[in-house]
Amino acid sequence: MELTVIVPTFNEAPNVPELVRRAAQALHGVEAEILFVDDSTDRTPEVIEATAAGAPLPVRLLHRTAPTGGLGGAVICGIRASTAAHCIVMDGDLQHPPDMLPVLLSRLRESVADVVVASRYCGAGGSAGGLANGTRRAVSSGATLLARGLFPRRLRSCTDPMTGFFGFRRAAVHTDRLRPSGFKILLEILGRHRLDVAEVPFVFGQRLAGDSKAGWREGGRFLRQLAVLRFGRLAGFGLVGAIGTVLNLLIMGVLVGLGAHYLVAAVVAAEVTIVTNFLMQERMVFHRTRSAAGPLQRRFLRSFVFNNADAALRLPLLWGLVEVLGANSVAAQAATLAGAFVVRYLYHSRVVYREVRPAAAAARPAAPGPAVAPGGTSLQERAS
């Protein structure tokens, strides 16, 4: 097969029939399939199945029961389920015009590029007018400038790393390198590979049905993705540490202001932030490795015991800075927290979240790959 069109969907039932109709029309004569990777909680899977039954090209459905990695994770599942020479990723909301599919495929065939990006910003013919309002357009432009500023070499040929509409040679993308989180899968691919990029302009259309999935949570995921891509997991750990430090100092400052002794205030602040930091690390830093690092209770106990030992060791240092050197108690606490940062990171990455490999795991046979639908039929697969 020459082409798999990967369409990640989440509650896009009203758009499915029109997307399939227009994509089939645009790809007439091409050996192609449409693969929906679906995380929906509505009738979208049933609509895809019904649409596939009368579609003039093969339509497959991969429904994920555990949608890990958001939209980016769905795209990776689609790449792994494809056997085609080329893949094109597009949204399921029709803001990415299906008429552009043959344009992207033609550019992949004719150029040496590994990736062809449908860009809203690459000169004449490109437009982001379909974004809902001026605020969304400003946020999109700002995110693009930020990403290109952090990756000037890898994104030098890409004016729109935020787009979700792009094609690539399947053999050029190694899914085992990718760590998706949220919408920006193209940024993830370009940030973790050295690829030749070409662009074609396109007009980002208006959403006709359904609701946009963008929001503050996706914005936070994007910033975390940028930090991890640029600086590694240490950046995420540092962000959690910074939040925890602010919370620690705030609690201590309030308690000291209410008349508590600074050592008592330091102990209370430490206990609260030990728990909150652990919860943030679970969600923001080690969310991909936590399931392989043993049960939650063991991870928490190891983190809790270590951090309490760390806090106990820092108390004499805090006392010395305040009583001997005359430092402000809150400023001294900030200094002791910063000094232990690297040790905390090394312990958590190498002990708390170290992968636990069962002795029998090596002897287990590999699981079979996903089934492939025969041409012209619909196949629903399950992915965890």
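Structure shown above.
Just so it is clear, the structure is predicted and the values come from calculations on it, not from any experiment.

Novice: Describe the environment of D310, with residues and values.
Specialist: Counting through the fold element by element, D310 comes out in helix 10 (residues 296–324). Remark: the alpha-carbon pair of D310 and V343, spanning 33 residues in sequence, is separated by 9.5 Å. Those residues within four positions of D310 in sequence are excluded, and the remaining contacts are A340 and R344.

Novice: Can you explain the nonpolar core? Please cite residues and give values.
Specialist: If you look at the biggest cluster of nonpolar residues, it comprises 36 residues, and the most contacted ones within it are V5, I34, F36, V59, L101 and F165. Those elements that provide at least two residues to this core are strand 1 (3–9), helix 1 (16–26), strand 2 (32–38), helix 2 (44–53), strand 3 (59–64), helix 4 (101–110), strand 5 (115–119) and strand 7 (197–201). With five residues, helix 1 is the single largest residue contributor to this core. Setting aside anything within four residues of it in sequence, one finds I34 in contact with V5, V7, V20, A23, L57, P58, V59 and R60. Within the second largest apolar cluster, 32 residues are counted, among which are I6, A143, L187 and L190.

Novice: So what's going on with the pattern of salt bridges? Residues and values would help.
Specialist: Inspection of the entire model under this criterion finds ten salt bridges. The salt bridge partner of E2 is R109, with a shortest N-O separation of 2.7 Å. Of the two residues, E2 is situated in the segment before strand 1 and R109 in helix 4; the sequence distance between them amounts to 107 residues. Overall, E2 belongs to the partly exposed group, its relative accessible area being 21%. Residue R109 is classed as partly exposed on the basis of its relative accessible area of 46%. Between E33 and R60 there is a salt bridge, with the nearest N and O atoms lying 3.1 Å from each other. On the criterion of sequence distance, the pair formed by E33 in strand 2 and R60 in strand 3 is long-range, its members being 27 residues apart. Given a relative accessible area of 1%, R60 falls into the buried group. One salt-bridge network, in which partners are shared between bridges, spans D310, R314 and R344.

Novice: Please provide a residue-by-residue account of the packing of helix 1 against helix 2, values included.
Specialist: Helix-helix packing: each pair is described by the crossing angle between the helix axes and the interaxial distance. Where helix 1 meets helix 2, the closest approach of the two axes is 9 Å, and the angle between their N-to-C directions is 35°. The way helix 1 lies across helix 2 gives a crossing that is right-handed. Of the residues in helix 2, those touching helix 1 at V16, P17 and V20 are T44, V47, I48 and T51. Class assignment of the residues belonging to the contact of helix 1 with helix 2 gives a composition of five nonpolar, two polar and no charged.

Novice: Please give an account of the environment of T163 that cites residues and values.
Specialist: Within the element layout of this structure, T163 appears in the loop between helix 5 (134–150) and strand 6 (166–169). Put simply, T163 and A118 are 45 residues apart on the chain and 7.3 Å apart in space, counted from C-alpha to C-alpha. Excluding residues that lie within four positions of it along the chain, T163 makes contacts with V117, A118, R120, L186 and F202. A polar atom in the side chain of T163 sits 3.1 Å from the backbone nitrogen of F165.

Novice: Lay out a nonpolar patch on the surface in plain terms, naming residues and giving numbers.
Specialist: On the surface, L250, V254 and L258 cluster together into a nonpolar patch covering about 330 Å² of accessible area. Given a relative accessible area of 55%, L250 falls into the exposed group.

Novice: Residue-level account of unusual backbone geometry, with values.
Specialist: Positive phi, normally seen in glycine, also occurs at N11, with a value near 55°. Tracing the backbone shows N11 in the loop between strand 1 and helix 1. For N11, a relative accessible area of 21% gives the class partly exposed. In this structure, L94 takes a positive phi of about 70° despite not being glycine. Here L94 is to be found in the loop between strand 4 (86–89) and helix 4.

Rules of the game
Residues numbered from 1 in each chain as written. Predicted model: local features only at pLDDT ≥ 70, side-chain atom pairs only at ≥ 80, totals over all residues. Heavy atoms only, no water. Helix = DSSP H or I, 4+ residues; strand = E, 2+ residues; numbered from the N terminus. Contact = heavy atoms within 4.5 Å. Core = buried A, V, L, I, M, F, W, Y, C linked by side-chain atoms within 4.5 Å. Buried < 20%, exposed > 50% of the residue type's maximum accessible area, 1.4 Å probe, protein only. Salt bridge = Lys/Arg side-chain N within 4 Å of Asp/Glu carboxyl O. Axes fitted to C-alpha atoms, helices over the stretch in contact; angles between N-to-C directions. Left-handed = near helix turned anticlockwise from the far one by under 90°. Nonpolar A, V, L, I, M, F, W, Y, C, P; charged D, E, K, R; others polar. Polar contact = N/O pair within 3.5 Å; in protein donor to acceptor, adjacent residues only side chain to side chain. Patch = residues over 30% accessible without salt bridge, like charges linked within 9 Å, V, L, I, M, F, W, Y side chains within 5 Å. Areas by Shrake-Rupley, 256 points an atom, 1.4 Å probe, with all protein chains shown as cover.

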